[in-house]
Amino acid sequence: MVDRPRTFGPAGVRRQGPGASEETTTAMTDRSDATAEEGRTTPPLPPARHPRDPVRVAVIGLFGMGVLYTVYFGREVLLPIALALLLGFLLRPLVRGLYRLGIPEWLGAAVVVIVTFGLGLLAVYTLTAPAAEWVDRMPLVARQIEFKLGDLRESIERAREASRQIEELANAGPQTREVVVRGPTLAEQFLDRTQAFLANVVIMQVLLYFFLARGRQTMEALIGTMRSIDDRVHYAMVAGTVQQNIAAYLATVTIINACLGAVTALAMWLLGLPNAGLWGTLAGVLNFVPFIGAALMTVVLALVSLLTFDTTSGMLLPPLVFATLTALEGNFITPTIVGHRLSLNPIAVFVSILFWGWMWGIPGALLAVPILAVIKILCDAHAPLRPAGAVLGQ
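Residues numbered from 1 in each chain as written. Predicted model: local features only at pLDDT ≥ 70, side-chain atom pairs only at ≥ 80, totals over all residues. Heavy atoms only, no water.

1. Thoughts on the nonpolar core
Here's step 1: Ranked by size, the top nonpolar core spans 31 residues in total, and within it Tyr-249, Leu-344, Ile-353, Trp-356 and Trp-360 carry the most contacts.
Here's step 2: Within the residue set of this core, elements represented by two or more residues are helix H3 (75-100), helix H8 (229-270) and helix H12 (346-381).
Here's step 3: Grouped together as the second largest cluster of nonpolar side chains are 17 residues, Leu-273, Ala-283, Leu-307 and Phe-309 included. (Core = buried A, V, L, I, M, F, W, Y, C linked by side-chain atoms within 4.5 Å. Buried < 20%, exposed > 50% of the residue type's maximum accessible area, 1.4 Å probe, protein only. Helix = DSSP H or I, 4+ residues; strand = E, 2+ residues; numbered from the N terminus.)

Have a look at this one:
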């Protein structure tokens, strides 16, 4: 019996003879069929335990759109209410302290409101003169900027001239008459804005007084409507914790911003910048808007330095000093003092500034972080909302 020669295929597969190829093909086919069978027998993914109802999702979406619509178009009413609420959280400890001294809450609330707005009017009156002076100097300021930035202005003028020529070439066809509709004058717009501002201030004062004078009784009456004693105790503790945390946060941030404004005013005065008190106050107010406020204040100080000093060092020192101060405040002082109590997510902070700035303009941007902090504290105090609070900060 003669053994058949063993051969190897091009892929290194050893073959036993003429029938080996057929046996190999059959084995590979069997393995492929087995693999396909295993794939067909793989159990499907389990269905969702709590499938979402499309109708419920649609209703929630419509409700959210309705809330956004109301917040945007109701800003004339909701803005003073939000300001009064935040000031109420901030000033409530003062009314409580006066109550412990034997002063009734209604009288303590009146004293706190009068003193608070009196100090505000005094600050506005003190800063009105330098602010009006800078407004009157705006034409001269513009000419000084153009003179000191002459090269840049020439480049901009050449770009404008080239753009004008291109536009003339594009509009070389038949000319059409333009109808210009005249809008309200600048004086009329200023008068309307002033009337609306004063009306909002009066509304906010009245609301703030009632929040301070009747807030505790209103909360106690609301909690008293609950039937279960355990629910009364629980929500009374939650309300007390929330008010305490919000008041502590707002007071701490306000003190930090006031100190930053005072240090900024002192630094600008030492550097020889005019109206140092104005820039310090503006720095303290803008610091309520993280990131954007500090950047805007740095630009303002750079422009003022450009108009005030002739040397390069004089122009650079004020914005650099303020940038150093705000960097120390934002990276070391505020995290050290406020971080153990409440730390907000920077992404949530920036989104909140964009959202409330879009909704309510500049007042909304100033209130964005305090509103976010209040929402964070409320979420942390209510167990079902703690995941949302974890997203907003630590």
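We are not done yet, so read on.
2. A look at the confidence of the model for the chain
Here's step 1: Per-residue pLDDT for the chain averages 78, and the proportion of residues at 70 or more is 74%.
Here's step 2: In this model, residues 1-22 is a region of pLDDT below 50 whose contacts with residues beyond four sequence positions or in other chains number 14 contacts.
Here's step 3: Considering only residues more than four positions removed or in separate chains, one finds that residues 34-39, a stretch of pLDDT under 50, has zero contacts. (pLDDT = per-residue confidence, 0-100. Contact = heavy atoms within 4.5 Å.)

3. As for the packing of aromatic side chains
Here's step 1: For the coordinates displayed, the defined rule picks out seven aromatic pairs.
Here's step 2: Between Phe-355 and Trp-356 the ring centres are 5.0 Å apart and the planes differ by 85°, which places this aromatic pair in the edge-to-face class.
Here's step 3: Aromatic side chains Trp-356 and Trp-360 sit 4.9 Å apart centroid to centroid with 50° between the ring planes, which places their arrangement in the tilted category. Remark: Trp-360 and Trp-356 occur in helix H12; sequence separation between them is four residues, near one turn of the helix. Across this residue pair, the class does not change: Trp-356 and Trp-360 are buried.
Here's step 4: A network of ring pairs unites the aromatic residues Tyr-69, Tyr-72, Phe-73, Phe-355, Trp-356, Trp-358 and Trp-360 as a single cluster. (Phe/Tyr/Trp six-rings, centres within 6.5 Å; stacked < 30°, edge-to-face > 60°.)

4. With respect to unusual backbone geometry
Here's step 1: Notably, Asn-275 is not glycine yet its phi reads approximately 55°, a positive angle.
Here's step 2: With respect to the helices and strands, Asn-275 occurs in the loop between H8 and helix H9 (276-286).
Here's step 3: The exposure class of Asn-275 is partly exposed, given its relative accessible area of 24%.

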